[in-house]
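What follows is the residue order along each chain.
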Amino acid sequence: MDIWPCICELPITQEWDESPSQLVFPLATSKPSRHSSSSTQSIQLIANRVSGSDSDGSLTFSVCLSGFEAADAEEIIWVSDACPLSSSQPFLPLILQLIQEIVSRSPTAHGSTCPHSELLNIMPDPVSWILDSHSPESFSGFFNFIFLTHLFWLCVFDAPSAVGSFYFHSLLAPNIQVFASKHALVLRTFFISVGVDVELRFMRTLGYILAKWLILKEVGVGLQSLTPSSSHNLGFSYAKESHGLWVLKGYAPVWGMTSTRFDGEQSRPKIVEAKESVLRYALAHQQLEAVVQLEYTVRFTDGFILVNARVDNVRVHVAKLGFNENGDDYYAGEKHFPSRIRLWVGPETGSSYVSGLSLGRSTDNMEREMETQRILKGSFGKLKVPKVKAMARTTTRTRMKNWRWDQDAEGNAALFDAVLCDNTTGTEVATWKPSGGGGGRPENRFRKRYAGANRSFTKSGGLVFGGDECGGVGWRLGKEMEGSVLKWRVGCQIWLSYWPNEVSSSYFETRCVEWCDEVDLPLISGN
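Residues numbered from 1 in each chain as written. Predicted model: local features only at pLDDT ≥ 70, side-chain atom pairs only at ≥ 80, totals over all residues. Heavy atoms only, no water.

Enquirer: Give me the overall build of the protein: which residues, what numbers.
Expert: The secondary structure content of the protein amounts to eight helices and 20 strands. Residue burial in the protein is summarised as follows: out of 527 residues, 47% are buried. By sequence separation, contacts in the protein at least 24 residues apart represent 72% of the contacts at least 6 residues apart. Looking at the protein as shown, the accessible area adds up to about 26,600 Å², and 49% of this sits on carbon and sulfur atoms. (Helix = DSSP H or I, 4+ residues; strand = E, 2+ residues; numbered from the N terminus. Buried < 20%, exposed > 50% of the residue type's maximum accessible area, 1.4 Å probe, protein only. Contact = heavy atoms within 4.5 Å. Areas by Shrake-Rupley, 256 points an atom, 1.4 Å probe, with all protein chains shown as cover.)

Enquirer: Please give an account of the side chain of Lys212 that cites residues and values.
Expert: Position of Lys212 relative to the elements: it lies in helix 7 (residues 196–219). Side chain to side chain, Lys212 and Tyr281 meet in a polar contact 3.1 Å long. Aside from chain neighbours lying at most four places away, what touches Lys212 is Phe152, Phe168, Tyr281 and His285. (Polar contact = N/O pair within 3.5 Å; in protein donor to acceptor, adjacent residues only side chain to side chain.)

Enquirer: Help me get a handle on the nonpolar core, residues and values and all.
Expert: Judged by nonpolar contacts, the single largest core of 141 residues is most densely connected at Phe143, Phe190 and Trp488. Element by element, the count of residues in this core is highest for helix 4 (residues 136–157), at 12 residues. Dropping the residues within four chain positions of it, Trp488 is found in contact with Trp246, Val345, Gly346, Pro347, Tyr353, Val354, Trp475, Leu477, Asp517, Glu518, Val519 and Leu521. (Core = buried A, V, L, I, M, F, W, Y, C linked by side-chain atoms within 4.5 Å.)

Enquirer: So what's going on with the packing of helix 3 (residues 124–133) against helix 6 (residues 185–194)? Residues and values would help.
Expert: Geometrically, a packed helix pair is captured by the angle between its two axes and the distance between the axes. The contact between helix 3 and helix 6 brings their axes to 9 Å, and the two run at 155°. Classified by the angle their axes make, helix 3 and helix 6 are roughly antiparallel. Crossing angle aside, the handedness with which helix 3 passes helix 6 is right-handed. Note on element contacts: helix 6 touches helix 3 through Val186, Thr189, Phe190, Ser193 and Val194, opposite Pro126, Val127, Trp129 and Ile130. (Axes fitted to C-alpha atoms, helices over the stretch in contact; angles between N-to-C directions. Parallel < 35°, antiparallel > 145°, perpendicular 65-115°, else oblique. Left-handed = near helix turned anticlockwise from the far one by under 90°.)

Enquirer: Residues and numbers for the confidence of the model for the protein, please.
Expert: Averaged over every residue, the pLDDT of the protein is 80; the share at 70 or more is 76%. For the protein, the element scoring lowest by mean pLDDT is strand 14 (residues 392–398), at 62; strand 7 (residues 245–253) scores highest, at 95. A low-confidence stretch, residues 262–269 stays under pLDDT 50, and its non-local contacts, those more than four residues away or across chains, total seven contacts. Predicted confidence is poor over residues 436–440, with pLDDT under 50, and the contacts of this stretch with residues over four places away or in other chains come to five contacts. (pLDDT = per-residue confidence, 0-100.)

Enquirer: Explain the environment of Phe190 to me, using residue names and the numbers behind them.
Expert: Its place among the elements puts Phe190 in helix 6. Here Phe190 falls in the buried class, since its relative accessible area comes to 0%. Through-space distance from the C-alpha of Phe190 to that of Pro126 is 7.5 Å; in sequence the pair is 64 residues apart. The residues touching Phe190, leaving out its near neighbours within four places in the chain, are Ile99, Val127, Ile130, Phe142, Val198 and Phe202.

Enquirer: Quick rundown of the packing of aromatic side chains? Include the residues and the values.
Expert: Applying the stated criterion across every chain yields a total of 34 aromatic pairs. Between Phe145 and Phe202, the ring centres sit 6.0 Å apart and the planes meet at 15°, which makes this aromatic pair stacked. Here the residue Phe145 occupies a position in helix 4, and Phe202 occupies one in helix 7, the gap between them amounting to 57 residues. For the pair Phe145 and Phe202, one class covers both residues: buried. The ring of Trp495 carries Arg340 above its face, with NZ or CZ at 4.6 Å from the centroid. Lying over the aromatic face of Trp255, Arg511 brings its terminal NZ or CZ to 4.4 Å of the ring centre. (Phe/Tyr/Trp six-rings, centres within 6.5 Å; stacked < 30°, edge-to-face > 60°. Lys NZ or Arg CZ within 6 Å of the ring centre and 35° of its normal.)

Enquirer: So what about unusual backbone geometry? Which residues, and what values?
Expert: Residue His243 is not a glycine yet carries a positive backbone phi of 50°. Along the chain, His243 turns up in the loop between strand 6 (236–242) and strand 7.

Enquirer: Please give an account of the side chain of Gln44 that cites residues and values.
Expert: Within the secondary structure, Gln44 sits in strand 2 (residues 41–50). Residues contacting Gln44, with those up to four places away along its chain left out, are Val24, Phe25, Pro26, Leu27, Ser62, Val63 and Cys64.

Enquirer: Any details on helix 5 (residues 161–172)? Residues and values, ideally.
Expert: Note on helix geometry: an α-helix contains 3.6 residues per turn, so any two residues three or four positions apart are oriented the same way. Among all positions in helix 5, only Val163, Gly164, Phe166, Tyr167, Phe168, Leu171 and Leu172 are buried. Buried residues in helix 5 make contact with strand 1 (22–30), strand 2, strand 3 (58–66), helix 4 and helix 7.

Enquirer: Please give an account of the pattern of salt bridges that cites residues and values.
Expert: Counted by the stated rule, this structure contains 11 salt bridges. One salt bridge connects Lys479 with Glu482, and the closest N-O pair in it is separated by 3.5 Å. Owing to a relative accessible area of 36%, Glu482 belongs among the partly exposed residues under this scheme. Put simply, Asp520 and Lys487 hold a salt bridge, and the shortest N to O gap is 2.6 Å. Of the two residues, Asp520 is situated in strand 20 (residues 509–522) and Lys487 in strand 19 (residues 485–498); the sequence distance between them amounts to 33 residues. According to the relative accessible area criterion, Asp520 is partly exposed, its value standing at 30%. (Salt bridge = Lys/Arg side-chain N within 4 Å of Asp/Glu carboxyl O.)

Enquirer: Tell me what's going on with the sheet that holds strand 8 (residues 258–259), and back it up with residues and numbers.
Expert: In spatial order, the strands read 8-20-19-11-16-15; together these six strands make up an open sheet with antiparallel pairing. Both edges of this open sheet fall to strand 8 and strand 15 (403–410), since each of them pairs with a single strand only. Pairing geometry for strand 11 (residues 337–347) and strand 19, over 10 bridges, is antiparallel. Opposite Gly346, over in strand 19, you have Arg489 as the bridge partner. (Pairing = 2+ DSSP bridges.)

Enquirer: Kindly report on the environment of Ser504, identifying the contributing residues and their values.
Expert: On the secondary structure map, Ser504 appears in the loop between strand 19 and strand 20. Sequence separation between Ser504 and Lys275 is 229 residues; the distance between their C-alpha atoms is 9.9 Å. Setting aside residues no more than four positions away along its own chain, Ser504 makes contact with Lys275 and Arg447.

Enquirer: Could you give an account of the pairing of strand 7, naming the residues involved and the relevant values?
Expert: Burial within strand 7 is extensive, with nine of its nine residues counted as buried. Neither face of strand 7 is exposed, since Leu245, Val247, Lys249, Tyr251 and Pro253 on one face and Trp246, Leu248, Gly250 and Ala252 on the opposite face are all buried. As paired elements, strand 6 and strand 7 share seven bridges and run antiparallel to each other. Paired with Ser242 across the bridge in strand 7 is Leu245. Linkage of strand 6 to strand 7, two consecutive antiparallel strands, is achieved through a turn of two residues, within which His243 is found at a positive phi near 50°. Here nine bridges tie strand 7 to strand 9 (residues 286–300), and the two strands are oriented antiparallel to one another. Paired with Val247 across the strands is Gln293, a residue of strand 9.

Enquirer: An account of helix 2 (residues 92–104) is needed here, citing residue identities and associated values.
Expert: Taking 1.5 Å of rise per residue, 13 residues should cover 18 Å, and helix 2 covers 18 Å from first to last C-alpha, within 8% of that figure. If you check which residues of helix 2 are buried, you get Leu92, Leu94, Ile95, Leu96, Gln97, Leu98, Ile99, Ile102 and Val103. (Expected span 1.5 Å × (residues − 1).)

Structure follows, in structure tokens:
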């Protein structure tokens, strides 16, 4: 599906000689089999030319369904605003309308919606600049992304179930890689231009679509043969440099993350109980949203350039995607939680201009406080009753934390590793395995983990680390690099685990995702 180049050619197409006229773009068509009596089903995009007061008139676009309700029946389910052909950007109204309707219908996390978020309007200037600064070839992938996302609301929410099934099989399945937009530079530029509020709504819509997609793919409804076997590259991440910060953002549907679950009975088919199936369905409607901010400084000396970096903020949130605003969901308190975070930052691989790397945090040694008290026991003379009694008592106090932070190096890249541990047993949560080959249950101390004064997470299930937790690093570069703009790599791995929180279940798992990107390091004196 690549319709943007065709749309761009509409004003000069020869078929527009008659007025009014229309052109049809078939998006997906399902031809009936030889032994089937059903009619051909299709989804079409129709461009209609409307005569106006000016010489060129305008265009409107509509989405039409054919062959679903009755044979050869057509139904228009959406019509766009008018696109004036005399404008320098005639299709800007179409793009703005698609984006606005996606944003206005986006699901949000339970209990985190601002009352004023419904008033969010898309400004035309950022979108106009993106449209003007990219060629049709590079802009095409972005348009496919927003158009396919918009079609989800039309076909799955606003149409009969047969249309929704047709959308997943005939539209989403062949074009699923549109959502694997790791290298979509236009989408990255779009998010930076329109701001984080639009970005969050866009990505939660994407997460909701992918959650439905991954559920259908897992239960097996004919989607496996149409898609790649791996769905772990679905989602989006990007990095940028801004005002002394390196920022890495990532979004991933939880069900699309790599599973590291240990199962001692992997060789035998596992029977999933109905209660566990409902729990897994609820857990599948979740999305990992992470922000990593690294603060960097550059100092010029007589003999070298010193680049320092420290972790400014790490924010990890697991959003529950859905439309249940009443909060009566039995599984509302069940969600994955961060159990390990691994960050790395450093020069590009193979660079020779770094002469030294200095880590700013020692390997953690637990502090122990010993308290000893001795009392003598004895008697004086020939007295049978002792006049002095004594006993020995020793008290050991150990300061324990739920999260253990380590620093390490891999070449010239600095590594920050945070691991969630059970401070009673010392077990790392991300690698926890049940005893007896799969028959154990998680520790009870991680139940009710979003309540109480000693909880390891926020009440909404997220996690925030400030710069005081992690320490800093520094690199020394040769003086000859002054005036250049280098590429620095930033990446992270995040593990999410699930243990039962409020429900009684033996289900547990851990999943992992990895993101990596490049950011600019300007070595310009005076910046």
